[in-house]
There are 2 protein chains.
Amino acid sequence: MKRITIYDVAKEADVSLATVSRVINDSNVVREDTRIRVQEAIEKLGYKPNAIAQGLALSKTTTISIVMSEKLFSYNSKILNGLMDVAKIYNYNIMLHTTSKGISKMQDVIESIVKSRVDGVILFNDNFSEEELEVLHLYQIPMVVVGSKIEDKKDGNVGNVYIDFEKLAYEFVNSYFEKGITDISLVEDKLNLSMMHQLRQGVEKAYQEKGMKFEKYITYDDTYRSSYDFLTEYFETTKPSELVITFRDSQAIAFINACHEAGIKVPEETQVVAILDDKYLRMVRPTISSFNFPDYDMGAIAMRLLTKMLVNDEAVKENKDIEIGYTYIQRQTTRLD
Amino acid sequence: MKRITIYDVAKEADVSLATVSRVINDSNVVREDTRIRVQEAIEKLGYKPNAIAQGLALSKTTTISIVMSEKLFSYNSKILNGLMDVAKIYNYNIMLHTTSKGISKMQDVIESIVKSRVDGVILFNDNFSEEELEVLHLYQIPMVVVGSKIEDKKDGNVGNVYIDFEKLAYEFVNSYFEKGITDISLVEDKLNLSMMHQLRQGVEKAYQEKGMKFEKYITYDDTYRSSYDFLTEYFETTKPSELVITFRDSQAIAFINACHEAGIKVPEETQVVAILDDKYLRMVRPTISSFNFPDYDMGAIAMRLLTKMLVNDEAVKENKDIEIGYTYIQRQTTRLD
C-alpha cells in the first residue's frame, strides 16, 4: 500500500502544502473553513502525521545510517560504493557512523542513530556484540547486517547479506585434506573477529570429522610491520605450516616477504592464501591466491533489501537472509596438485 | 557569542522544552499566562527560531556533508578517519555524498546538499570544477576543501586544507637536476586530475627555469592491469626515463613489476617515486619511495576549521587556508646519490 503523504492531503483538500502543515501544527493563521476541509481530507485518506513528519513535512527524505569500523574503510570501499549507488537511485540520504577504538563505541553510535531518527540502518558485521544488536532491535529500526552470517538471529526484523565463512573454510580445508595436507595454520585478523570466529569453526569442523584436532590458530599483533618482524624471527627456528590461511592481504604479504628473507620457497615449501581478495594480491610477487566476493553487489543487494524492508515489501517478510557466493582464485602462492 | 537555544528559553521561562516548542508553533494547548512568560523569555534572550529550528527544536544537531569520489574511498580512508573523529567530538552528524562516473555528478550532489539543509560541507578536491564550487558559494554554505590548493579562490567563505603539490614537484625535480638527472617522466593519474595539474605545473616551472622544456607527461589507461600491460609492451622497444613520478601506488607497482619482467634494474637503470604514500609501498619488493602527508591530521584539521567557520570564530575570518607539510621517504626505488 502506498504511504499517504502530506502531498496527497494537500491535493485532496486543494490547498498548499504550507496550509496542511499549519493545520497539523495547530497554527492560528488558517481560516476555519480551510481547516475543516484539510481535516476532512486527513480523515478520508487516513493520513497519520507523526512527530517527525510534522516538523519535516516539507523536507523529509529517507535517511539511512551506515555503521562501520574506521579501520575497515579501505577494505570495504567497494561494498560502500554498492550501498551508495543504490541509495542514490532511491534518493536516500546517507548518514555515516564510524566506530573506532577509544573514541566511539557502538553504544555511542546507537544512541546517535536513535537520536537522529534515521529510517534504517546498514551495519557492517565486524565487531559488535549480540547485545548491541538487540538495543537497535528495541527501537524497531529496520536493519541490514552486511558481511558475515549473524549467528543465533532471534529477531525477524533484521536482514543479513552475508558470506558463509564457516562453509568456505570447511570446504577449503577439506580440499587440502584430499591432497594429503593436514598441517594447516589459520592466522587471526583482529579487525574482523566475527569473520575469524566463523572461519575457525569451519576449520575445526573439518578436522573433527577426520578425527583430528585443529591446534594452529595463530594470534599475534597483526599489523604488517609487526607480523613481518614476528615471522622473520619465528622462521629462524621454525618452519611454517604446509598451508597458511590469513584473512587480510597485508598479513599474507608479510608472510611471503618473511619467507623470501628466510629462503623459504612459496609455494613449494609452504602455501598461503588470503581470504579477502584485494587488488594488491595481484601486484606482489609471488601473486597471492584468495577468494573473490562480489563486494559491490553485496553492498547494492544490502541497500536494496533495506529499501524493501522500509516499505514492508511482502517478498522480504518471509526471507531477509541473502547468501552471497564466492570463487577461489588460484594464484602463485598455492599449488594445484 | 553563544547561540541562544530553545533550552535557554525553557530555563529562563521555567517551563519544559515541549511548552516552548508549543508556543513557537502557535499551539492552542498552552495556557495564556504561560504563553506570555515564554514570549517574554524569547524577547529577553533574543532567541530566533527559524523554520527548520521550529520543526526540529528538540532534535536539531549540526550536520556536515562530506563529498568525495567513490573511487577514492580506499585512498582517503585516513583523512576520513580524521574528519569523523573530530566530528564526533563536536557531536556532528555526518552525511556522506559520493560522486561516481555515470551515476551521480557534482550537480546532483550539490542539489542534494542544498535540499537536505546541511550546516557545512567538506569537499575532497579531486575533480570538481570552479563553476560547481561557485554554486555551493551561492547558497552560502560554509565549506572546507581538503586535498590540493584551490587555484584562483575568489570567495573568502571557503576554507582550504591542502598540500602544495606544485611546490612539492618543483622542489623534487630540482633535487634531481642537482644530481644531473633531467630525463624525467610524470605519469597521469586520472582519478586525481586537480593534483596532477598542480604537479605538472611544478615540474614545468623547474624545467623552464633551467631553459628546458618538459615533454614527458605520460598518459594512458591507468588501472594496474592496463598500466602493466602497456609498460611491458613499451619496454620491449624503449627504455624508461631516469626518474619516473607516479601519483598512486598501483601505478608505481605496475612500473616496477614491468621493469622486473623486462630485466630493467630499479633503481640502477631507472628510479621511481609514488607521490601518495600507502602501506603497500613498503610491502612490495623493491620498496617504493614516496611522500608522507599527515593524512589523519589533514582530516582532523579540516573538520576543526569547519567547526570554527560555523560559529564565525574571529580567528578564521582572516585566514582559512592551511598548508600541510610533507616529508620525502627514501626507499629502495630511488638512489641517494
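Residues numbered from 1 in each chain as written. Chains lettered and ligands numbered in written order. Predicted model: local features only at pLDDT ≥ 70, side-chain atom pairs only at ≥ 80, totals over all residues. Heavy atoms only, no water.

**Student:** Report on the overall build of chain A, specifying residues and quantitative values.
**Tutor:** Secondary structure assignment for chain A yields 14 helices and 12 strands. Here chain A holds 337 residues, and 53% of them are scored as buried. By sequence separation, contacts in chain A at least 24 residues apart represent 68% of the contacts at least 6 residues apart. Surface accessibility of chain A: about 15900 Å² in total, with carbon and sulfur atoms responsible for 49%. (Helix = DSSP H or I, 4+ residues; strand = E, 2+ residues; numbered from the N terminus. Buried < 20%, exposed > 50% of the residue type's maximum accessible area, 1.4 Å probe, protein only. Contact = heavy atoms within 4.5 Å. Areas by Shrake-Rupley, 256 points an atom, 1.4 Å probe, with all protein chains shown as cover.)

**Student:** Can you lay out helix α5 (residues 77–89) of chain A for me, pointing to particular residues and giving the numbers?
**Tutor:** The terminal C-alpha atoms of α5 of chain A, which comprises 13 residues, lie 19 Å apart, in line with the 18 Å expected from a rise of 1.5 Å per residue. Of all 13 residues that make up α5 of chain A, 10 are buried, and the element is covered over most of its length. Residues of α5 of chain A that are buried: S77, I79, L80, N81, G82, L83, M84, D85, V86 and A87 of chain A. Contact partners of the buried residues in α5 of chain A: β1 (63–69), β2 (93–99), β3 (120–124), β4 (143–148) and α13 (295–310) of chain A together with β2 (93–99) of chain B. Positive backbone phi, approximately 60 degrees, marks N91 of chain A, located one or two places after α5 of chain A. (Expected span 1.5 Å × (residues − 1).)

**Student:** Any details on the pattern of salt bridges? Residues and values, ideally.
**Tutor:** All names here are of chain A. As enumerated under the stated definition, the model contains 28 salt bridges over all chains in all. In this structure, the salt-bridge partner of E12 is K44, at a minimum N-O distance of 2.8 Å. Of the two residues, E12 sits in helix α1 (residues 6–13) while K44 sits in helix α3 (residues 32–45), which places them 32 residues apart along the sequence. Since its relative accessible area comes to 62%, K44 is described here as exposed. (Salt bridge = Lys/Arg side-chain N within 4 Å of Asp/Glu carboxyl O.)

**Student:** I'd love a proper account of the pairing of strand β8 (residues 243–246) of chain B, names of residues and values included.
**Tutor:** Each regular strand displays side chains that alternate between the two surfaces of the sheet. Residue and element names in this part refer to chain B. Alternating positions in β8 separate into two faces, L243 and I245 on one and V244 and T246 on the other, with burial throughout. Examined bridge by bridge, strand β6 (residues 184–187) and β8 share three bridges and lie parallel to one another. Directly across from L186, in β8, lies its bridge partner I245. Here β8 pairs with strand β9 (residues 271–276) via four bridges, running parallel. Across the sheet, the residue bridging to L243 is Q271, located in β9. Taking the sense of rotation as the criterion, the β-α-β connection linking β8, helix α11 (residues 249–262) and β9 turns out right-handed. (Pairing = 2+ DSSP bridges. Right-handed = clockwise from strand over helix to strand, strands pointing away.)

**Student:** Describe the sheet that holds strand β6 (residues 184–187) of chain A, and please don't skip the residues or the numbers.
**Tutor:** Residue and element names in this part refer to chain A. The strand order β7-β6-β8-β9-β10-β12 describes an open sheet built from six strands, whose pairing is mixed. Each having just a single partner strand, β7 (217–218) and β12 (327–329) make up the two edges of the open sheet. In terms of strand pairing, strand β9 (residues 271–276) meets strand β10 (residues 289–292) through three bridges, oriented parallel. Considered in β10, the bridge of V273 is made with S289. Across the sheet, helix α11 (residues 249–262) is in contact with β6, β8 (243–246) and β9; its angle to β9 comes to roughly 165 degrees. (Axes fitted to C-alpha atoms, helices over the stretch in contact; angles between N-to-C directions.)

**Student:** Go over the nonpolar core with me, naming the residues and quoting the values.
**Tutor:** By size, the foremost hydrophobic cluster in this structure holds 162 residues, and its most contacted members are I122 and M303 of chain A together with I122 and M303 of chain B. Non-local contacts of I122 of chain B, meaning those with residues more than four positions away in its chain, are made with I64, S65, I66, V67, L83, V144, V146, A302, M303 and L306 of chain B. Counting 28 residues, the second largest nonpolar core, distinct from the first, contains V109, M143 and I150 of chain A together with V109 of chain B. (Core = buried A, V, L, I, M, F, W, Y, C linked by side-chain atoms within 4.5 Å.)

**Student:** Which residues make up the sheet that holds strand β7 (residues 217–218) of chain B, and what values go with them?
**Tutor:** Residue and element names in this part refer to chain B. The six strands are arranged β7-β6-β8-β9-β10-β12 in an open sheet whose pairing can be described as mixed. In this open sheet, the two edge strands, each paired with only one partner strand, are β7 and β12 (327–329). Looking at chain direction, strand β10 (residues 289–292) and β12 are connected through three bridges and run antiparallel. Across the sheet, N292 pairs through a bridge with T327, a residue of β12. Most of the contacts of α11 go to β9, to which it runs at about 165 degrees, and overall it touches β6, β8 and β9.

**Student:** Quick one: what's the story with the domain arrangement of chain A, residue by residue and with numbers?
**Tutor:** By a widespread convention, an interface's size corresponds to the accessible area lost as its parts come together. For chain A, the assigned domains are domain 1 (1–48) and domain 2 (165–293). Placing a centre on the C-alpha atoms of domain 1 of chain A and another on those of domain 2 of chain A gives a separation of 64 Å. (Domains from an automatic or database assignment.)

**Student:** Can you explain the packing of aromatic side chains? Please cite residues and give values.
**Tutor:** Under the criterion given, the structure shown has 31 aromatic pairs over all chains. An aromatic cluster is built from F172, Y176, F291, Y326 and Y328 of chain A, whose rings are joined through pairwise contacts. The lysine or arginine in question, K179 of chain A, covers the ring of Y176 of chain A, its NZ or CZ lying 4.1 Å from the ring centre. If you follow R200 of chain B out to its NZ or CZ, it ends over the ring of Y217 of chain B, 4.0 Å from the centre. (Phe/Tyr/Trp six-rings, centres within 6.5 Å; stacked < 30°, edge-to-face > 60°. Lys NZ or Arg CZ within 6 Å of the ring centre and 35° of its normal.)

**Student:** An account of unusual backbone geometry is requested, with residue identities and associated values reported.
**Tutor:** R285 of chain A connects to P286 of chain A through a cis peptide bond whose omega is -5 degrees. Checked against the element boundaries, P286 of chain A lands in the loop between α12 (280–283) and β10. Backbone geometry places N91 of chain B, a non-glycine residue, at a positive phi of 60 degrees. Secondary-structure assignment places N91 of chain B in the loop between α5 (77–89) and β2. N91 of chain B gets classed as exposed once you look at its relative accessible area, which sits at 61%.

**Student:** Help me get a handle on the packing of α5 of chain A against α13 of chain A, residues and values and all.
**Tutor:** In a packed pair of helices, the relevant descriptors are the angle between the two axes and the axis-to-axis distance. Residue and element names in this part refer to chain A. For the pair α5 and α13, interaxial distance at closest approach is 6 Å and the crossing angle is 40 degrees. It follows that α5 is oblique to α13 by the angle criterion. In this structure, α5 crosses over α13, and the sense of that crossing is right-handed. Contact with α5, carried on its side by K78, I79, N81, G82, L83, D85, V86 and A87, involves D295, Y296, G299, A300, A302, M303 and R304 of α13 and no other residues of that element. The residue makeup of the contact of α5 with α13, split by class, is eight nonpolar, three polar and four charged. (Parallel < 35°, antiparallel > 145°, perpendicular 65-115°, else oblique. Left-handed = near helix turned anticlockwise from the far one by under 90°. Nonpolar A, V, L, I, M, F, W, Y, C, P; charged D, E, K, R; others polar.)

**Student:** I'd like a rundown of the side chain of E188 of chain B, residues and numbers included.
**Tutor:** Residue and element names in this part refer to chain B. Within the secondary structure, E188 is located in the loop between β6 and α9 (193–209). Overall, E188 belongs to the buried group, its relative accessible area being 13%. Here the side chain of E188 touches T219 through a polar contact of 3.0 Å, side chain to side chain. Once residues lying within four places of it in the same chain are set aside, the contact partners of E188 are L193, M196, Y217, I218, T219, D222 and Q251. (Polar contact = N/O pair within 3.5 Å; in protein donor to acceptor, adjacent residues only side chain to side chain.)

**Student:** A description of the pairing of strand β4 (residues 143–148) of chain B should follow, citing residues and the corresponding values.
**Tutor:** Residue and element names in this part refer to chain B. Among the six residues of β4, six are classified as buried, and the element is accordingly described as predominantly covered. Direction of pairing for strand β3 (residues 120–124) relative to β4: parallel, over a ladder of four bridges. Within the sheet, the bridge partner assigned to L123 lies in β4 and is V145. Of the strand pairs in this sheet, β4 and strand β5 (residues 158–163) are connected by six bridges, and their pairing is parallel. Bridging across to β5, V144 finds its partner in G159.

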